[in-house]
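One-letter residues, chain by chain:
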Amino acid sequence: MEKPHSPSRAEIEYAASLLRAGRLVAFPTETVYGLGANALDELAVRRIFEAKSRPNTSPIIVHVSSVEMAQTVVAEWPETAQLLAQKFWPGPLTLVLKKQPAISSIVTAGLDTVGVRMPSHPVALALIEAAQLPVAAPSANRFTQLSPTTAAHVGEGLGNLIDHILDGGPCTVGIESTVLSLAEGAQIVLRPGGVSRSQIAEVIGPVQVRTEAADEAHPAPGMHPRHYSPRTKLLLVRDGNVPREGIGGYVQLRTPPEQGVREVVEMPRDAAGYAADLYRVLHDLDARGYDWIAVEVPEELAEWEAVRDRLRRAADK
Ligand code: TXA
Ligand code: MG
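Residues numbered from 1 in each chain as written. Chains lettered and ligands numbered in written order. Predicted model: local features only at pLDDT ≥ 70, side-chain atom pairs only at ≥ 80, totals over all residues. Heavy atoms only, no water.

1. What to know about the pairing of strand β13 (residues 263–266)
Across a regular strand the side chains alternate sides, sitting on one face of the sheet and then on the other. What counts is decided by this rule: Buried, partly exposed and exposed residues are distinguished by accessible area as a fraction of the type maximum, computed with a 1.4 Å probe on protein chains only: under 20%, between the cut-offs, and over 50%, respectively. Here a helix means four or more residues in a row that DSSP labels H or I, a strand means two or more in a row labelled E, and each is numbered from the N terminus. When DSSP finds at least two bridges between two strands, those strands are taken to pair.
Residue alternation in β13 divides its side chains into a buried set, E263 and V265, and an unburied set, V264 and E266. Direction of pairing for strand β12 (residues 248–252) relative to β13: parallel, over a ladder of 4 bridges. If you follow Q252 over to β13, its bridge partner there is E266.

Written out as structure tokens, the structure reads:
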């Protein structure tokens, strides 16, 4: 384990003052690092899109430090939201609900709903508390690049474009939050993530999933199929059958590679452990300049749903 980091109180206060002044602060959450701005300041939110080169069709999640703050952001707070917040907040679950007018359509990419989540990382909570503001924050990476799970990843991708990076050590969940729409009575998972569909169903009953096919029929803002990608060609493989040409790295779950590869990374065999390491491993392999990265696909089991989703999106088609 790397040594846990913890910014000082003074540094948190400084970062909060930057947010209040309309500037950009990257901060750790339990899922991935976020690139934060005052969610109530349109100009500040525009800076996020610029720094990430993000198309303005992609809505941004608003981060809060309490249910009360969430209720200032949304125009409805159904019983289902209350039950899920009680069970999973703070944590990796984003709830999509009708938005309040105070949340600009810049944040929501023109939608009349907003994604809201209370992260569990103590540095994220301390920052939002200190700023006394809802904080709009996408993952702190360039659009379409791998999400950052360390402060160093953020620095490499966006270092010269943002005002401050709070270092809270490596993210423990490692992949992005589950995005669940509850807007107008819906119960639809828009993006699988840290909280599983069955965990949600235990609290509010059956939930639908937006399938890839539905994605194409209704290209909803932000759901770009190729996302979370390394620069190196990424291939999903079975039975250790890595390419014969070129040099590369192999991300192994159970099966060793059939023939020689330059580098093998053995992953934890449980889905949560795997997720926690995934982006860091891909960042590391991406830095080597290989011809390819081959990743052994995990089994089609429910607990691997979020990891499989990210691998599918990262893979070259
Ligand atoms: O774990 C996370 O969610 C991280 C950390 C920083 O909180 N954030 C994150 O943000 O992954 P981003 O911008 O990379 O992804 C946000 C996702 C996108 O898939 C977007 O389409 C969806 O949330 N989303 C946000 N607001 C939405 C809305 N109003 N309706 C539908 N989807 C929404
Ligand atoms: Mg992202």
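2. With respect to the site of ligand 1
The following threshold applies: The near set for a molecule or strand comprises every residue that places at least one heavy atom within 4 Å of it. Throughout this description, a polar contact denotes any pair of N or O atoms lying within 3.5 Å of each other; where both atoms belong to protein, one of them has to be capable of donating a hydrogen while the other can accept it, and for residues adjacent in sequence the pair is counted only when both atoms sit in side chains. Throughout, the ten residues Ala, Val, Leu, Ile, Met, Phe, Trp, Tyr, Cys and Pro are labelled nonpolar, Asp, Glu, Lys and Arg are labelled charged, and all others, Gly among them, are labelled polar.
Around ligand 1, the surrounding shell holds 23 residues, and the nearest of these are T31, R54, H63, S177 and R191. Separating an oxygen atom of ligand 1 from a side-chain N or O atom of H63 is a distance of 2.6 Å. In the environment of ligand 1, an oxygen atom lies 2.9 Å from a nitrogen or oxygen atom belonging to the side chain of R191. Elements with a minimum of two residues in the shell around ligand 1: β5 (113–117) and β9 (188–191). Examining the composition of the shell around ligand 1, we find that 4 residues originate from one element, β5, more than from any other. Residues belonging to the shell around ligand 1 are distributed by class as follows: 11 nonpolar, 8 polar and 4 charged.

3. Digging into the pattern of salt bridges
Applied cut-off: Each reported salt bridge corresponds to a side-chain nitrogen of Lys or Arg within 4 Å of a carboxyl oxygen of Asp or Glu.
Scanning all chains against the criterion turns up 16 salt bridges. Notably, a salt bridge pairs E300 with R308, separated by 3.5 Å at the nearest N-O pair. Residue E300 is classed as exposed on the basis of its relative accessible area, which comes to 68%. Overall, R308 belongs to the buried group, its relative accessible area being 17%.

4. Details of helix α6 (residues 151–158)
Put simply, the test is: To be clear, the arc concerns the directions from the helix axis to the C-beta atoms. Residue contacts follow a heavy-atom distance rule, with two residues in contact if any of their heavy atoms lie within 4.5 Å.
Listing the buried residues of α6 in full gives A151, H153, V154 and L158. In an axial view of α6, the angular spread of the buried residues amounts to 155°, which keeps them on one side of the axis. The inward-facing, buried residues of α6 abut β1 (25–27), β2 (34–38), α2 (42–52), β7 (164–165) and α9 (271–286).

5. Brief notes about the sheet that holds strand β11 (residues 233–237)
To summarise the sheet geometry, strands pair through backbone hydrogen bonds and adopt either a parallel or an antiparallel arrangement. Condition: Here, axes are lines fitted to C-alpha atoms. For helices the fit covers the stretch in contact, and angles between N-to-C directions go from 0 to 180 degrees.
Here we have 4 strands laid out as an open sheet, ordered β11-β14-β12-β13, and parallel in their pairing. What marks the edges here is a single partner per strand, and that holds for β11 and β13. The mean angle between the axes of side-by-side strands here comes to 20°, regardless of whether they run parallel or antiparallel. Strand direction decides the pairing type here: β12 and strand β14 (residues 292–296), joined by 4 bridges, are parallel. Looking across to β14, one finds that G249 is bridged to I293. Of the strands in this sheet, β11, β12, β13 and β14 are in contact with α9, which crosses β14 at around 160°.

6. Digging into the sheet that holds strand β8 (residues 178–181)
Read across the open sheet, the 10 strands follow the order β7-β1-β2-β6-β3-β5-β4-β8-β9-β10; overall the sheet is mixed. Lying at the two open borders of the sheet, with one neighbouring strand each, are β7 and β10 (208–209). In the sheet, β2 pairs with strand β6 (residues 135–136) via 2 bridges, with the strands oriented antiparallel. When the bridges of β6 are listed, A37 appears paired with A136.

7. Looking at the packing of aromatic side chains
Stated precisely, the cut-off is as follows: Paired rings are identified among Phe, Tyr and Trp, the last through its six-membered ring, by centres lying within 6.5 Å, and are further divided according to the angle between planes into stacked (under 30 degrees), edge-to-face (over 60) and tilted (the rest).
For the structure shown, the criterion picks out 2 aromatic pairs. Judged by centre distance (5.2 Å) and plane angle (80°), the rings of Y274 and W304 are edge-to-face. In this pair, Y274 is assigned in helix α9 and W304 in the loop between β14 and α10 (305–314), connecting sequence segments 30 residues apart. Both residues of the pair, Y274 and W304, count as buried.

8. Looking at the domain arrangement of the protein chain
This is how the line gets drawn: Segmentation of the chain into domains, including their bounds, is taken from an automatic or database domain assignment. The buried area of a pairing is the accessible area, by a 1.4 Å probe, that goes missing from both parts when the two are put together, added over both.
Taken domain by domain, the protein chain comprises domain 1 (9–209) and domain 2 (233–314). Its C-alpha centre places domain 1 at a distance of 28 Å from the equivalent point of domain 2. When the area that domain 1 buries against domain 2 is broken down by residue, the three leading residues are L146, I175 and P192, summing to 45%. Where domain 1 touches domain 2, the interface holds 2 salt bridges. Between E176 and R310 there is a salt bridge, with its nearest N and O atoms 2.7 Å apart. Joining domain 1 to domain 2, the criterion identifies 6 residue pairs in polar contact (both at pLDDT 80 or more). Along the lines of polarity and charge, the residues of the side of domain 1 that touches domain 2 split into 8 nonpolar, 7 polar and 3 charged.

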